[in-house]
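Chain by chain, the residues:
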Amino acid sequence: MNLSEYIRNIEDFPKAGVHFKDITPLLANSAAMESCLQQLTALIAGQKIDKVAAIESRGFFFGTLLAQKLNAGFVPIRKPGKLPYNTLKEPYLLEYGMDALEIHEDAIKKGERVLLHDDVLATGGTARAACNLIEQLGGEIVQCNFLLELEFLNGIKKLRAHSVQSLLKY
Ligand code: AMP
């Protein structure tokens, strides 16, 4: 199934100059969801994964499904102030602004094998910050995978130390 048919382009959202990739048409179609999950799982086939860490909020849609498929635990990486227990915090630069991410300090054990997942790789700042949090906890990042990558923003440069896979490239 060609998943690009289920990705909608929204110009100038959330601000002028941003070509936003809207995945809600994909989420709304059960066959497309199933195919997307199978394709994401295939990217990491044959590798043992202890935890799937995903980035708030659109990373959560497939992050939890991937964790179930891979018999792994799920770890939410969230915006500041959302996680209730003790956290580590990492600031980062967005394609459209500045933000920070947090992870629970006990979410990943030293040496655990982690798959990082998000919907979109744009400038790479978000995924880099998430990788930093995982590595501060002693996790080993096996792969960073994305539904889609905006290649012209070269986010992959920030993730050079890791294996990066995306289903669609723009
Ligand atoms: P970045 O840190 O620039 O790689 O941005 C990645 C994060 O921002 C992901 O969590 C995406 O959900 C979101 N994002 C950034 N740019 C876009 C875009 N053009 N379309 C959809 N989501 C985006």
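Preceding block: the structure.
Residues numbered from 1 in each chain as written. Predicted model: local features only at pLDDT ≥ 70, side-chain atom pairs only at ≥ 80, totals over all residues. Heavy atoms only, no water.

**Student:** Talk me through helix α2 (residues 30-43); I want residue IDs and the actual numbers.
**Tutor:** Count 3.6 residues to each turn of an α-helix, and residues three or four apart come out pointing the same way. Here α2 is 14 residues long and its end C-alpha atoms lie 20 Å apart, about the 20 Å a rise of 1.5 Å per residue gives. Taken together, the buried positions of α2 are occupied by Ala32, Ser35, Cys36, Leu37, Leu40 and Thr41. Where α2 is buried, its residues contact α1 (24-27), α3 (59-69), β7 (113-121), β8 (140-149) and β9 (164-169). Its side-chain oxygen 3.1 Å from the backbone nitrogen of alanine 31, asparagine 29 forms the N-cap of α2. (Helix = DSSP H or I, 4+ residues; strand = E, 2+ residues; numbered from the N terminus. Expected span 1.5 Å × (residues − 1). Buried < 20%, exposed > 50% of the residue type's maximum accessible area, 1.4 Å probe, protein only. Contact = heavy atoms within 4.5 Å. Polar contact = N/O pair within 3.5 Å; in protein donor to acceptor, adjacent residues only side chain to side chain.)

**Student:** Run through the state of the cysteines, naming residues and quoting values.
**Tutor:** One way to say it: the disulfide is the covalent bond shared by the sulfur atoms of two cysteines. Following the criterion strictly, the structure yields 0 disulfides and no others. With no disulfide of its own, cysteine 131 has cysteine 144 as its nearest cysteine by sulfur position, at a separation of 3.8 Å. A relative accessible area of 0% places cysteine 131 in the buried class. (Disulfide = S-S within 2.5 Å.)

**Student:** Go over the packing of α2 against α3 with me, naming the residues and quoting the values.
**Tutor:** Where α2 meets α3, the closest approach of the two axes is 10 Å, and the angle between their N-to-C directions is 60°. Of the possible angle classes, the one that applies to α2 and α3 is oblique. Of the two possible hands of crossing, α2 and α3 adopt the one that is right-handed. Across from Met33, Glu34, Cys36, Leu37, Leu40 and Thr41 in α2, the residues of α3 making contact are Phe62, Leu65, Leu66 and Lys69. Tallied by class, residues from the contact of α2 with α3 come to 7 nonpolar, 1 polar and 2 charged. (Axes fitted to C-alpha atoms, helices over the stretch in contact; angles between N-to-C directions. Parallel < 35°, antiparallel > 145°, perpendicular 65-115°, else oblique. Left-handed = near helix turned anticlockwise from the far one by under 90°. Nonpolar A, V, L, I, M, F, W, Y, C, P; charged D, E, K, R; others polar.)

**Student:** How would you sum up the sheet that holds β7? Please name residues and give values.
**Tutor:** Read across the open sheet, the 5 strands follow the order β4-β3-β7-β8-β9; overall the sheet is parallel. Across the chains shown, the open sheet's two edge strands, defined by having one partner strand only, are β4 (73-77) and β9. Averaged over all pairs of adjacent strands, the angle between strand axes in this sheet comes to 20°, irrespective of strand direction. Where strand β3 (residues 51-55) meets β7, 4 bridges bridge the pair, whose relative direction is parallel. Directly across from lysine 51, in β7, lies its bridge partner valine 114. Docked against the sheet, α3 engages β3, β4, β7 and β8, running at close to 175° with respect to β3. Along the sheet, helix α4 (residues 125-136) makes contact with β3, β4, β7 and β8, crossing β7 at roughly 165°. (Pairing = 2+ DSSP bridges.)

**Student:** Tell me what's going on with α4, and back it up with residues and numbers.
**Tutor:** For α4, which comprises 12 residues, the first-to-last C-alpha distance of 16 Å matches the rise-based estimate of 16 Å (1.5 Å per residue) to within 8%. In terms of burial, α4 is a largely internal element, 9 of the 12 residues being buried. Looking at α4, one finds that the buried residues are Gly125, Thr126, Ala127, Arg128, Ala129, Ala130, Cys131, Leu133 and Ile134. The elements touched by buried residues of α4 are β3, β4, β5 (87-94), β6 (97-104), β7 and β8.

**Student:** Outline the pairing of β7, listing residues and values.
**Tutor:** Within β7, 7 of the 9 residues are buried, which leaves the element mostly enclosed by the surrounding structure. Pairing of β7 with β8 involves 8 bridges; the strand directions are parallel. Across the sheet, residue leucine 116 finds its bridge partner in β8, namely cysteine 144. Tracing the backbone out of β7, into α4 and back to the parallel element β8 gives a crossover that is right-handed. (Right-handed = clockwise from strand over helix to strand, strands pointing away.)

As far as function goes, none of this settles anything; it's purely spatial.
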